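Per-entry structural report
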Amino acid sequence: MAFMRKYFAEFLGTFMLVFLGTGAVVIGKGDVLTIGLAFGLAITVSAYAFGGISGGHFNPAVTTAMLINRRMEMRDALGYIIGQILGAIVASAAIRSFVSAAGLATNSLGQTDFSKINSGMAFFVEALVTFIFLMVILNVTSAAHGNSDFAGLIIGVTLAFLIIVALNLTGGSLNPARSIGPAIFVGGTAVSHLWVYILAPEVGAVLAAYCSRLLGSED
């Protein structure tokens, strides 16, 4: 039951992240600052609520980096990623039901996409912002030199700033699960471009995992 609690915590935390973040986009009609803060505060709240159970990843890219740096086992990593993706899908389904009930179009659910730049640049943007995000996470949660008391707040603020930077370029995903959830219900280019939002954050996570080691983040 202990490991199932961790997976369920990842499901709940990712649900909150996607539900609150995309809700601010679709229902709240927020501007760039509002959307960035919505995602940032959602990850902060989720981290403090569920981080004590699972570590508070809520993102397959985070789980990948933690696995590479041997902070978790492969079995748990797979369970975390499944829980995260399911959480994002259920959250997007909830947003879709709210939008439909309000009589609004259901083809915009806060999905991530890019129209102003090409796929190569979109890949670079997502990889870079995820790299920065993971460098902060891995070092602020480091047993060697981290700050566990303020980790959730620092991670949330970082995510908010990075989304503000990337939002008008790629939608500012930094999280494969966050992009998979709405793409399933919207289809179109949100699905055909989904490979960028799966692979680029993972590349950024892998690079961050090894770079954080150079800074001494691991024992």
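Residues numbered from 1 in each chain as written. Predicted model: local features only at pLDDT ≥ 70, side-chain atom pairs only at ≥ 80, totals over all residues. Heavy atoms only, no water.

1. Section: the packing of helix H5 (residues 119-140) against helix H9 (residues 194-214)
Packed helices, taken two at a time, are described by the angle between their axes plus the distance between the axes. Put simply, the rule reads: Lines fitted to C-alpha atoms define the axes, with helix axes restricted to the stretch in contact, and inter-axis angles between N-to-C directions lie between 0 and 180 degrees. Helix numbering and strand numbering both begin at the N terminus, where a helix is a DSSP run of H or I of at least 4 residues and a strand a DSSP run of E of at least 2. Small angles under 35 degrees read as roughly parallel and large ones over 145 as roughly antiparallel, with 65 to 115 read as roughly perpendicular and the rest as oblique. Take the far helix as your reference; a near helix turned counterclockwise from it by less than a right angle gives a left-handed crossing, and one turned clockwise gives a right-handed crossing. All residues other than Ala, Val, Leu, Ile, Met, Phe, Trp, Tyr, Cys, Pro, Asp, Glu, Lys and Arg, Gly among them, are scored as polar; the first ten of these are nonpolar and the last four charged.
Where H5 contacts H9, the two axes come as close as 7 Å, and the packing angle between them is 40°. Here H5 is positioned oblique relative to H9, judged by the angle of their axes. As for how H5 packs across H9, the hand of that crossing is right-handed. For the contact of H5 with H9, the class distribution of residues is 19 nonpolar, five polar and one charged.

2. A closer look at the pattern of salt bridges
Rule in force here: The working definition used for a salt bridge is a side-chain nitrogen of Lys or Arg within 4 Å of a carboxyl oxygen of Asp or Glu. Buried, partly exposed and exposed residues are distinguished by accessible area as a fraction of the type maximum, computed with a 1.4 Å probe on protein chains only: under 20%, between the cut-offs, and over 50%, respectively.
Under the criterion given, the structure shown has two salt bridges. When the shortest N-O distance is used, the salt bridge between Lys-6 and Asp-76 registers 3.0 Å. Here Asp-76 lies in helix H4 (residues 74-101) and Lys-6 lies in helix H1 (residues 2-26), a separation of 70 residues in the sequence. Between Arg-71 and Glu-218 there is a salt bridge, and its shortest N-O distance comes to 2.8 Å. A residue pair is termed long-range when its members are at least 10 positions apart, and Arg-71 in the loop between helix H3 (60-68) and H4 and Glu-218 in the segment after H9 qualify at 147 residues. With relative accessibility at 29%, the residue Arg-71 sits in the partly exposed group.

3. Re the nonpolar core
Rules: Nonpolar cores are built from buried Ala, Val, Leu, Ile, Met, Phe, Trp, Tyr and Cys residues. Side-chain atoms within 4.5 Å join them into one set.
Residues Phe-133, Leu-134, Leu-138, Leu-159, Ile-163 and Leu-174 are the most contacted members of the largest nonpolar core, which totals 36 residues. Counting residues per element, this core draws most heavily on H5, at eight residues.

4. Concerning the packing of aromatic side chains
For the record, the criterion: Each Phe, Tyr or Trp ring (for Trp, its six-membered ring) is paired with any other whose centre lies within 6.5 Å, and the angle between the two planes then decides the class: stacked below 30 degrees, edge-to-face above 60, tilted in between.
The final tally for this structure, using the stated rule, is six aromatic pairs. Residues Phe-114 and Tyr-197 carry aromatic rings whose centres are separated by 6.3 Å and whose planes lie at 40° to one another, so their mutual orientation is tilted. With Phe-114 in the loop between H4 and H5 and Tyr-197 in helix H9, this pair connects stretches of sequence that are 83 residues apart. When sorted by exposure, Phe-114 lands in the same class as Tyr-197, which is buried.

5. Examining the environment of Thr-44
The following threshold applies: The contact rule is simple, with two residues in contact once any of their heavy atoms fall within 4.5 Å.
Position of Thr-44 among the secondary structure elements: in helix H2 (residues 32-54). For the pair Thr-44 and Val-157, spaced 113 residues apart in sequence, the C-alpha separation works out to 8.1 Å. Setting aside residues no more than four positions away along its own chain, Thr-44 makes contact with Gly-152, Leu-153 and Gly-156.

6. Overview of the environment of Val-165
Topologically, Val-165 is positioned in helix H6 (residues 151-170). By relative accessible area, Val-165 is classed as exposed at 57%. When the C-alpha positions of Val-165 and Val-32 are compared, they lie 8.9 Å apart, and in sequence the two are 133 residues distant.

7. What about the environment of Val-157?
For Val-157, the location among the structural elements is in helix H6. C-alpha separation for the pair Val-157 and Ile-43, spaced 114 residues apart in sequence, amounts to 9.2 Å.

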